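# Descriptive analysis of the structure
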Amino acid sequence: FLTAGRASAGRASDTFCLQRSLTAHSESPTTAERRPESTANWRASSGERHQTMSANVKAVADSPEVAADPPDCFINVRRGARNARVGASSIHARGLFAAKDLHAGEAVLAETPLVAQQDLRQRQQLLCCGDGLSFLDLGREDLDAVYDGEKSRQAAHDAVVDGRHGNVVACAGGCGELYASAARRDAHVARGHAALCVGKVPEDDAENDPRVAYRVLAAASNDILLLVADVAAAVLSGAADRGLFDAFVREPWDAVVRDAARLRGDCLDEADVLGQKLKALCAAAAPLLRDALALTYGADACAFVDADWLSRTVGTFEQNNVGVRVPHPFGDFPPLEGTALYAAICCANHSCEPTCDVIYDRGAFGDAPLAAVLVARRALAPGEELTIAYVEAAASKRRRRRALADYGFRCACARCAAGASDDDDDDDASDAEASSGDGASDAETASDDSASHDTASVDFPLYFWRDAGGALSD
C-alpha cells in the first residue's frame, strides 16, 4: 500500500514526492498545472474537462435507476438512465445522445466510475475512502492534524483500528487502506482488492513478492499503473465486464504519445525515444502484475495481462479518463484530485462549444461513492449529441488544438472550423508555458530505470507491516 504524498511548503523533507500527475499531458484534463504544488497553498484553476461547481444536484441514490434493457455502458448510471442513449456519432465513432427533451441546467445522468484513483501526492494528507473516494470523517481536530503534518497517516490509521473514528474502518488485510464504512471495504474486496493487498506479505518475502514489486515499479515510474491493476482485478473478480473497457479507444501508450507529438508538430524522434521507454516499462510491469494476480486467480485466467494489454489500458486512460476535482466539506482544505473512467460519460465526444458539463458537487463525509453528473448547458431535443469540452473551451484555438493532441485528434467542430477570429489571442507566451511547464505527460514520468524494481532502492513508505503483536509499523 502506497501512502506517499506530496509535502506542503516547507515540509518537503518530511514526506515523499512521487512522480507527476496521473495523466498530465500539457493542458489535458489532468494536467499538472491544475494540481496543487502545495497542499497548504492550493488554488482552483479553470479550464478542466471536469467542471467543478456548487450545483444543486440531488444526492446520487444508492440503487441504480435501470432503463429497459440499458446498454452495458449504463451499468453504473445511478440516475437518468432514460435521459440518454449511446449511438453512432458523426463526430467520432460512438457518442452520447439525448433520449428526451432536456432543459438547460438539467442533470442528464449521474454515474459512478468503473475505476478511479486519488492522486497519490495527496494521500498522505487528504484522507479519502479507498473505495468510492468519499472523504473520511475523522473529526476536525484529527483531520487538521493530518493535513498540517502534526499527525501521520499511519497514526490516523492506528486510531481507526482502535475504533476511535466511528464507521471508518481499515483494510482487514493490514495494508493500511482506509474506508468510510465496512460496506465500502467489502465492496473493494469484491472488486479484487484482496488479490493486490500487500498487508499480509511477510517482510522477509517482500523483495520477491510480485504484488510488492509491481507497486514499487508503479511508484518509481508512474502511478497510473496502479489503476491498470484495479482494472485487471475488477475483471478477474467478475465485478466488471472486460468488454466495458475494450469498447473504448485502446491505442497503445507509446502510440498515443507519438500521435500527440505529431499533431502538435513536436519532434517525432524524441517521441519515439520516449515511446521505447514506455514499451520497456510495460514489458517490465506486465509479468509482475500477471504473477501478482495469478496468486489469487490462477495463471490461465490472468494470461490476458501482457505488455500489449497493459499499454492499451493506459492508452484508454490517456484518451478517455475524466479528471476528478471534488471540493472538500471543509472549505479551507484542498479538493480531492484524481482521475476516473466512466462507462457512459466517457462516451461523450468533445466540442469546443459543448452541450453539457461534467460536474462534481461539493464532497461530503460518509460512504456515498464518487459520482459525476452530466448537466445540460442549454435546452436539448431528442437525438442531439451530448458533448463536453475535454479542454479549456475559453482558450485560443491554438491552445485548444495543442491540448486536444493528447486525445489523438484535431477538433473540427463549428467553432474551430469558423477560423481563428473568435478567439485567437496569439498568446505565444501562454502556449510556451502550457507546452513546457509543469505539464509533463504521464509518459514522461517513466524513469530511465523503469525496468528496475528492486525494493532496496525505494526510499518512501511502501506499506504498513503487522507485527506479531498486531500493531502496525513501517
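Read on for an overview of the structure. Note that the structure is a prediction, hence the values are computed from the model and not measured.

The next subject is the overall build of the protein. Each helix and strand counted, the protein has 13 helices and 14 strands in total. Burial status across the protein gives 57% buried among its 474 residues. Restricting the contact set of the protein to residue pairs at least 6 apart, pairs at least 24 apart contribute 71%. When the accessible surface of the protein is split by element, carbon and sulfur atoms take 47% of a total near 18,700 Å².

Looking now at the layout of surface pockets. By volume, the second largest pocket amounts to about 540 Å³. Together, 27 residues line the second largest pocket, and H92, V249, N349, Y390 and F409 are the ones closest to its centre. At the level of elements, α8 (253-264) and α10 (307-320) are the ones that each hand at least two residues to the lining of the second largest pocket. Among the residues forming the lining of the second largest pocket, the class breakdown is 14 nonpolar, seven polar and six charged.

This part takes up the nonpolar core. For soluble globular proteins, nonpolar side chains are generally found buried alongside one another. Ranked by internal contacts, the top residues of the largest apolar core, which has 110 residues, are L289, L293, L310, L374 and L386. Tallying contributions element by element places helix α6 (residues 224-237) first for this core, with 12 residues. Beyond its immediate stretch of four places on either side in the chain, L386 contacts A84, L96, F97, A98, L102, V108, A348, N349, T355, C356, L374 and L380. Residues V198, A206, V212 and V216 belong to the second largest nonpolar core, which totals five residues.

With that settled, the discussion passes to the side chain of S351. Along the chain, the position of S351 falls in the loop between β10 (336-341) and β11 (356-360). The exposure class of S351 is buried, given its relative accessible area of 9%. At a separation of 3.0 Å, a polar atom in the side chain of S351 contacts the main-chain amide nitrogen of E353. Discounting residues that sit within four places of it in the chain, S351 has contacts with T387, I388, A389 and C413.

Before going further, it helps to spend a moment on the environment of G243. Mapped onto the elements of the fold, G243 is located in helix α7 (residues 242-246). In the structure, G243 is positioned 171 residues away from D72 in sequence and 8.7 Å away in space, judged by C-alpha atoms.

We now examine the pairing of strand β4 (residues 94-98). With four of five residues buried, β4 lies mostly within the body of the structure. Sheet topology places strand β3 (residues 84-88) next to β4; five bridges connect them, and they run antiparallel. Note that in β4 the partner of A88 across the bridge is R94. The hairpin turn running from β3 into β4, its antiparallel successor, is five residues long, and A93 in that turn takes a positive phi close to 45°.

Right, let's get into the sheet that holds β10. An order of β6-β10-β9 is seen for the three strands of this open sheet, with the pairing classed as antiparallel. For this open sheet the edge positions go to β6 (115-118) and β9 (322-326), each flanked by a neighbour on one side alone. Here the strands of the sheet are splayed against their neighbours by 25° on average, with no regard to which way each runs. For β9 and β10, the ladder comprises five bridges, and the chain directions are antiparallel. Residue R325 lies in a different strand from β10, and its bridge partner there is E337. Packing of α6 onto the sheet brings it into contact with β6 and β10, and relative to β6 it is tilted by some 150°.

Mapped onto the secondary structure, A285 falls in helix α9 (residues 268-297). The sequence separation of A285 and Y214 amounts to 71 residues, and the corresponding C-alpha distance is 6.4 Å. Those residues in contact with A285 that sit more than four places away from it in its chain are Y214, L217, L225 and L310.

Bringing the packing of aromatic side chains into the picture now. By the definition in use, this model includes six aromatic pairs. Ring geometry for F330 and F365: centres 5.4 Å apart, planes at 70°, overall edge-to-face. Taken together, the residues span a long stretch of sequence, with F330 in the loop between β9 and β10 and F365 in the loop between β11 and β12 (372-376) at a distance of 35 residues. Through successive ring pairs, a cluster of aromatic residues spans Y147, F330, F333 and F365. Note that R94 overlies the ring of F248, its terminal NZ or CZ placed 5.1 Å from the centroid. In this structure, R140 packs its charged tip against the face of F330, placed 4.3 Å from the ring centre.

Moving on to the packing of α8 against α9. One can describe the packing of α8 onto α9 by two numbers: an axis separation of 8 Å at closest approach and a directional angle of 165°. Comparing the axis directions of α8 and α9 gives the class roughly antiparallel. In terms of crossing hand, the pair formed by α8 and α9 is right-handed. Counted together, W253, D254, V257, R258, A261 and R262 of α8 and L268, A271, D272, L274, G275, L278, K279, L281 and C282 of α9 form the full contact between these two elements. Classifying every residue of the contact of α8 with α9 by side-chain character gives nine nonpolar, one polar and five charged.

Right, let's talk about helix α11 (residues 397-404) for a bit. Most of α11 is tucked away: six of the eight residues are buried. For α11, the complete set of buried residues consists of K397, R399, R400, R402, A403 and L404.

What follows covers the pattern of salt bridges. What the rule picks out here adds up to 22 salt bridges. Note that D246 and R250 form a salt bridge whose closest N and O atoms lie 3.6 Å from each other. Overall, the relative accessible area of 36% leaves D246 in the partly exposed class. Among the charged side chains, a network of salt bridges with common partners joins R123, R153 and E177.

This next bit is on the side chain of E106. For E106, the location among the structural elements is in the loop between β4 and β5 (107-111). No salt bridge is formed by the buried E106; its nearest oppositely charged neighbour, K100, is found at 4.4 Å. In contact with E106, not counting residues within four places along its chain, are N83, K100, D101, L374, V375 and A376.

Calculation notes
Residues numbered from 1 in each chain as written. Predicted model: local features only at pLDDT ≥ 70, side-chain atom pairs only at ≥ 80, totals over all residues. Heavy atoms only, no water. Helix = DSSP H or I, 4+ residues; strand = E, 2+ residues; numbered from the N terminus. Buried < 20%, exposed > 50% of the residue type's maximum accessible area, 1.4 Å probe, protein only. Contact = heavy atoms within 4.5 Å. Areas by Shrake-Rupley, 256 points an atom, 1.4 Å probe, with all protein chains shown as cover. 1 Å grid on protein atoms, 1.4 Å probe; cavity = no way out; pocket = protein on both sides within 12 Å on 5 of 7 lines; lining within 4 Å. Points joined across faces, edges and corners; volume = space filled by probe spheres on them. Nonpolar A, V, L, I, M, F, W, Y, C, P; charged D, E, K, R; others polar. Core = buried A, V, L, I, M, F, W, Y, C linked by side-chain atoms within 4.5 Å. Polar contact = N/O pair within 3.5 Å; in protein donor to acceptor, adjacent residues only side chain to side chain. Pairing = 2+ DSSP bridges. Axes fitted to C-alpha atoms, helices over the stretch in contact; angles between N-to-C directions. Phe/Tyr/Trp six-rings, centres within 6.5 Å; stacked < 30°, edge-to-face > 60°. Lys NZ or Arg CZ within 6 Å of the ring centre and 35° of its normal. Parallel < 35°, antiparallel > 145°, perpendicular 65-115°, else oblique. Left-handed = near helix turned anticlockwise from the far one by under 90°. Salt bridge = Lys/Arg side-chain N within 4 Å of Asp/Glu carboxyl O. Lys, Arg positive; Asp, Glu negative; His and termini not counted.

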